Amino acid sequence: MRLVLLGMPGAGKGTQAKLLVERLGLAYIGTGEFLRDAIARGTPTGKLVEPIMKAGRLVPDAIVNEVVAELLRGPNRPEKFVTDGYPRTYAQAEAFDALLRLEHLELNAVINLSISDDEVVRRLLARARQDDTEATIRQRLAEFHANNDALIDFYQKRGLLKTVPAVGEVEEIYANILRALGLLPEATKKSAT
Ligand code: ADP
């Protein structure tokens, strides 16, 4: 199984990625985690991206694309994986597509964890730092949408997109993902009595 996880900040993407890794035995391809680790170890890439990440900006496409390419090339590459936080821009999606084709790795599905903007604002405000206001959160959401809507369109056109509602308990959302992947039977509708 080769998956991409998309979702707004606050949609619980990291939590679901962890469950997919543990239970389906997928390798975790998380660019945020990889870059933070590179900074901690002081690698050349880490030194390059440190000021960018500290400023809260996106790392240039060429750098993240190369990080992912290195992870998916060579004899030790994982055959099954889930990405978390990649691709993040349309240009990354195109580069990832080209890489996967070159490596003869085909994606099975792209899971779009969907929640409403109002729910995101509610969740982020609940766990926010003092300087997070509804206005700054809405600003971040607008930036996020600009990239994410293009990604959704990209994968929709390729017939890979599965939109999964990301509301409810963690286990419920995980079951929704398995259902979208055809790994669990559809939930039987409760009959109205
Ligand atoms: P968050 O969900 O809080 O943004 P991540 O761990 O996904 O956390 O990313 C942390 C930071 O790493 C981002 O703010 C960005 O600077 C960088 N980053 C991670 N993935 C990408 C990516 N695909 N493209 C560009 N920058 C990225």
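Relevant structure appears above.
Rules used throughout
- Residues numbered from 1 in each chain as written.
- Predicted model: local features only at pLDDT ≥ 70, side-chain atom pairs only at ≥ 80, totals over all residues.
- Heavy atoms only, no water.
- Core = buried A, V, L, I, M, F, W, Y, C linked by side-chain atoms within 4.5 Å.
- Buried < 20%, exposed > 50% of the residue type's maximum accessible area, 1.4 Å probe, protein only.
- Helix = DSSP H or I, 4+ residues; strand = E, 2+ residues; numbered from the N terminus.
- Contact = heavy atoms within 4.5 Å.
- Salt bridge = Lys/Arg side-chain N within 4 Å of Asp/Glu carboxyl O.
- Pairing = 2+ DSSP bridges.
- Axes fitted to C-alpha atoms, helices over the stretch in contact; angles between N-to-C directions.

Caption draft 1: Quick look at the nonpolar core. Judged by nonpolar contacts, the single largest core of 28 residues is most densely connected at Leu 72, Phe 81, Phe 96, Leu 107, Val 110 and Tyr 155. For this core, the secondary-structure elements that each account for two or more residues are strand S1 (2–7), helix H3 (44–54), helix H4 (61–72), helix H5 (90–102) and helix H7 (134–157). Among residues more than four places away in sequence, those in contact with Val 110 are Val 4, Leu 6, Tyr 155, Leu 160, Leu 161 and Lys 162. In this structure, Ala 109, Ile 115, Leu 124 and Ile 173 belong to the second largest nonpolar core, which totals 25 residues.

Caption draft 2: Highlighting the pattern of salt bridges. Evaluation of the coordinates by the stated rule reveals 14 salt bridges. The closest approach of N and O atoms between Arg 77 and Glu 79, which form a salt bridge, is 3.2 Å. Judged by relative accessible area, which is 43%, Glu 79 ranks as partly exposed. The shortest N-O distance in the salt bridge between Asp 97 and Arg 101 comes to 2.7 Å. Of this pair, Asp 97 and Arg 101 are both found in helix H5, four residues apart, which corresponds to roughly one turn of the helix. Judged by its relative accessible area of 60%, Arg 101 is exposed. Linked by salt bridges that have partners in common, Arg 77, Glu 79 and Glu 103 make up one network.

Caption draft 3: Summary view of the environment of Ala 166. Looking at where Ala 166 falls in the secondary structure, it is placed in the loop between strand S5 (161–165) and helix H8 (170–180). You can call Ala 166 buried: its relative accessible area is 0%. In this structure, Ala 166 is in contact with Ala 11, Leu 113, Ser 114, Ile 115, Arg 123 and Ile 173, ignoring residues within four places of it in sequence.

Caption draft 4: Layout of the sheet that holds strand S4 (residues 109–114). Pairing is parallel in the open sheet, where five strands are placed in the order S2-S3-S1-S4-S5. Of all strands in the sheet, those with a lone pairing partner are strand S2 (27–30) and S5, marking the two edges. In this sheet, adjacent strand axes meet at a mean angle of 25° when their direction is disregarded. Seen against the sheet, H7 touches S1, S4 and S5 and runs at an angle of roughly 145° to S1.

Such coordinate-based values are descriptive only and should not be taken to indicate function.
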